[in-house]
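An overview of the molecular structure
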Amino acid sequence: MTGVLLQTFKIHTPLKFTIQLSFHGLGRTMSGDLTGLRIPYKEKHEVFDFDHLASKDPYLQFKCWLDKALSTDGIKEPNAVALATATKNGFPSLRVVLIKEYSQKGGFLFFTNYESRKARELEENPHCSLLFFWPELMQQIRIEGTVSKLSEEESLRYFNTRPKPNQVGAIVSRQSQVVSSRQFLDEKYDALFNHYSAKSAVVPKPDYWGGYSVQPSVFEFWQGQSDRLHDRIVFRKPVKGETINPETTHLGENGWVFERLSP
Ligand SMILES: Cc1cc2nc3c(=O)[nH]c(=O)nc-3n(C[C@H](O)[C@H](O)[C@H](O)COP(=O)(O)O)c2cc1C
């Protein structure tokens, strides 16, 4: 890159010495050139087309791809999913959570703190989106749906299966709130852990911790192709009274239709 400037910043620390940081940049901001970063995706003989669908029910198609991810070396947490929420005014936010269960009846379950930012946003706007991304398979699955809180019993049942340190952590963390220091958390944790240290001691689930179920209305199965003609197959519920165009829209199972989107 031509015309690159070396920028120098001096940071004065409370310990009376100065740290000097230098960046190569374009004068105004630090920059990084990632234009050459490119890896091969799938090739033409590996396309994902309608006749490759494991099922015309998106849950079973999801299961097929998840099972593959579960048995693929290098994918440590295939159940890690980006969860997008938004305020009622449409300001979005995103974070990773772990899906702990899924089924046609119950939807996709995750657990969290009911006072966290995500929970506050879901309270005022129950619409959300989930994104699984498995780069080793060059596949992503996008789900759109609405959430509902799990019952106290369902949340408790899962809480009781968690290791004790995780249970204590759930009590200690008033998730998404500002805290004074790491030490504040550690001290609170140590005190509580000691309190419940007996093997027989049961850690109570705090009432500000529990699960959500996401009921999907859309699933998109995406598979990346090196030439960028990626495969995108979407399942959705037809709108009431919708006239189905058989050229583009195909009848799935259990009330779903599916179609191909341009990459
Ligand atoms: C791999 C991974 C798994 C995570 N799993 C969860 C989870 O299951 N539940 C949860 O509340 N936070 C989980 N987190 C932390 C969240 O990403 C996030 O930091 C936290 O929930 C606070 O988000 P919020 O302030 O938007 O509510 C996970 C983070 C990562 C990277």
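Just so you know, these numbers come straight off a predicted model, no measurement behind them. Residue positions are given per chain, counted from 1 along the sequence in the order it is written. pLDDT decides what is reported in this predicted model: residues at 70 or higher carry local features, side-chain atom pairs at 80 or more are listed and counted, and totals for whole chains, interfaces and linings draw on all residues regardless. To get the side-chain values, all heavy atoms of the structure are used, and hydrogens and water are removed first.

Let's talk about the layout of surface pockets
What counts, and what does not: Note on definitions: the grid is 1 Å and covers protein atoms alone; a cavity is a set of points where a 1.4 Å probe fits but cannot get out; a pocket is an open set with protein on both sides within 12 Å along at least five of seven lines; lining residues have an atom within 4 Å of a point. Grid points are joined across faces, edges and corners, and a volume is the space filled by probe spheres set on the points. The numbering of helices and of strands both runs from the N terminus, where a helix is a DSSP run of H or I of at least 4 residues and a strand a run of E of at least 2. When residue character is reported, Ala, Val, Leu, Ile, Met, Phe, Trp, Tyr, Cys and Pro are called nonpolar, Asp, Glu, Lys and Arg charged, and the others, Gly included, polar.
Approximately 410 Å³ is the volume found for the largest pocket. If you trace the largest pocket, you find 16 residues lining it, with F111, T112, R162, Q175 and W209 closest to the centre. Among the secondary structure elements, those contributing two or more residues to the lining of the largest pocket are β4 (92–103), β5 (107–113) and α4 (164–172). The leading source of residues in the lining of the largest pocket is β4, at four residues. Its boundaries defined by the atoms lining it, the second largest pocket holds a volume of some 200 Å³. In terms of lining residues, the second largest pocket is bounded by K100, E101, S103, G106, G107, L109, F111, L150, E154, R157, Y158 and S213. For the lining of the second largest pocket, the class distribution of residues is four nonpolar, four polar and four charged.

Focus: the site of the ligand
For clarity, the cut-off: It suffices for a single heavy atom of a residue to lie within 4 Å of a molecule or strand for the residue to be listed as near it. Polar contact is defined as a pair of N or O atoms within 3.5 Å, subject to the rule that within protein one atom must be able to donate a hydrogen and the other to accept it, and that residues adjacent in sequence are counted only when both atoms are side-chain atoms.
If you check the shell around the ligand, you find E77, R95, V96, V97, L98, F111, T112, S116, R117, K118, Q175 and S176 and nothing else. Between the ligand and R95 there is a distance of 2.7 Å, counted from an oxygen atom to a side-chain nitrogen or oxygen. Side-chain polar atom of S116 to an oxygen atom of the ligand: 3.5 Å apart, as the coordinates give it. Mapped by element, the contributors of at least two residues to the shell around the ligand are β4, β5 and α2 (117–124). No other element matches β4, which puts four residues into the shell around the ligand. Residues of the shell around the ligand, tallied by class, amount to four nonpolar, four polar and four charged.

Considerations on helix α1 (residues 58–70)
The following threshold applies: Working rule for helices: expected span equals 1.5 Å times residues minus one. In this scheme, a residue with accessible area under 20% of its type's maximum is buried, one over 50% is exposed, and one in between is partly exposed, where area comes from a 1.4 Å probe on protein chains only. This arc describes the spread of directions from the helix axis toward the C-beta atoms. A contact between two residues is defined here by any heavy atoms of the two lying within 4.5 Å.
Relative to the 18 Å expected for 13 residues at 1.5 Å per residue, α1 spans 18 Å between its end C-alpha atoms, a close match to the ideal helical length. Three or more residues of α1 are buried, namely P58, Y59, Q61, F62, W65, L66 and A69. Down the axis of α1, the sector holding all buried residues measures 160°, keeping them to one side. Among the structural elements, β4, β5, β6 (127–134), β7 (139–149), β8 (209–223) and β9 (231–236) are those in contact with the buried residues of α1.

With respect to unusual backbone geometry
Phi at M138 takes a positive value of approximately 55°, unusual for a residue other than glycine. Mapping M138 onto the fold places it in the loop between β6 and β7. M138 gets classed as buried once you look at its relative accessible area, which sits at 7%.

Focus on the environment of M138
Along the chain, M138 and Y41 lie 97 residues apart, while their C-alpha atoms are 6.3 Å from each other. Excluding anything up to four places from it in sequence, M138 contacts I39, Y41, K42, W222, Q223 and G224.

Digging into the packing of aromatic side chains
Two descriptors summarise a pair of aromatic rings, namely the distance from one centre to the other and the angle between the planes of the rings. As a reminder of what qualifies: In this scheme Phe, Tyr and Trp rings, the latter by its six-membered ring, pair at centre separations within 6.5 Å, and the angle between planes marks the pair as stacked below 30 degrees, edge-to-face above 60, and tilted otherwise.
Taken as a whole, this structure holds 23 aromatic pairs when the rule is applied. The interplanar angle of 15° and the centroid separation of 5.7 Å between the aromatic rings of Y102 and F108 together place this pair among those described as stacked. Look at Y102 and you get partly exposed, because its relative accessible area is 26%. Classification of F108 as buried rests on a relative accessible area of 0%.

Notes on the side chain of K42
To be explicit about the condition: When charges are counted, neither His nor the chain ends are considered; positive counts come from Lys and Arg and negative counts from Asp and Glu. A pair is scored as a salt bridge if a Lys or Arg side-chain nitrogen falls within 4 Å of a carboxyl oxygen belonging to Asp or Glu.
Within the element layout of this structure, K42 appears in the loop between β2 (18–25) and α1. The buried charged residue K42 lacks any salt bridge, with E46 as its nearest oppositely charged partner at 4.7 Å. Setting aside residues no more than four positions away along its own chain, K42 makes contact with L137, M138, Q223, G224, Q225 and S226.

What about the confidence of the model for the chain?
Selection criterion: A residue's pLDDT is the predictor's confidence in that residue, given on a scale from 0 to 100.
Mean pLDDT over the chain: 92, with 89% of residues reaching 70 or higher. This model gives residues 1–7 a pLDDT under 50, and the stretch forms 20 contacts once residues within four places in sequence are excluded. Predicted confidence for residues 22–26 stays below pLDDT 50, and this span has 19 contacts to residues more than four positions away or in other chains.

Digging into the nonpolar core
Which entries qualify depends on this criterion: In these notes, a set of buried Ala, Val, Leu, Ile, Met, Phe, Trp, Tyr and Cys residues joined through side-chain atoms within 4.5 Å is what counts as a nonpolar core.
By size, the foremost hydrophobic cluster in this structure holds 33 residues, and its most contacted members are F108, F132, W134 and F219. Element by element, the count of residues in this core is highest for α1, at five residues. Of all hydrophobic cores here, the second largest spans 14 residues; its members include F159, V168, Y208 and W209.

Quick look at the pairing of β6
The cut-off we apply is this: A pair of strands is labelled paired if DSSP reports no fewer than 2 bridges between them.
By the alternation rule, side chains of β6 split into C128, L130, F132 and W134, which are all buried, and H127, S129, L131 and F133, of which none is buried. Relative to β6, strand β3 (residues 80–86) runs antiparallel, the two being bridged by three bridges. Each residue of the ladder has a partner; that of A84, found in β6, is S129. Pairing of β6 with β7, which is carried by eight bridges, proceeds in the antiparallel orientation. Of the residues in β7, the one forming a bridge with F132 is I141. Between the end of β6 and the start of β7, which pair antiparallel, lie four residues, with M138 showing a positive phi angle near 55°.

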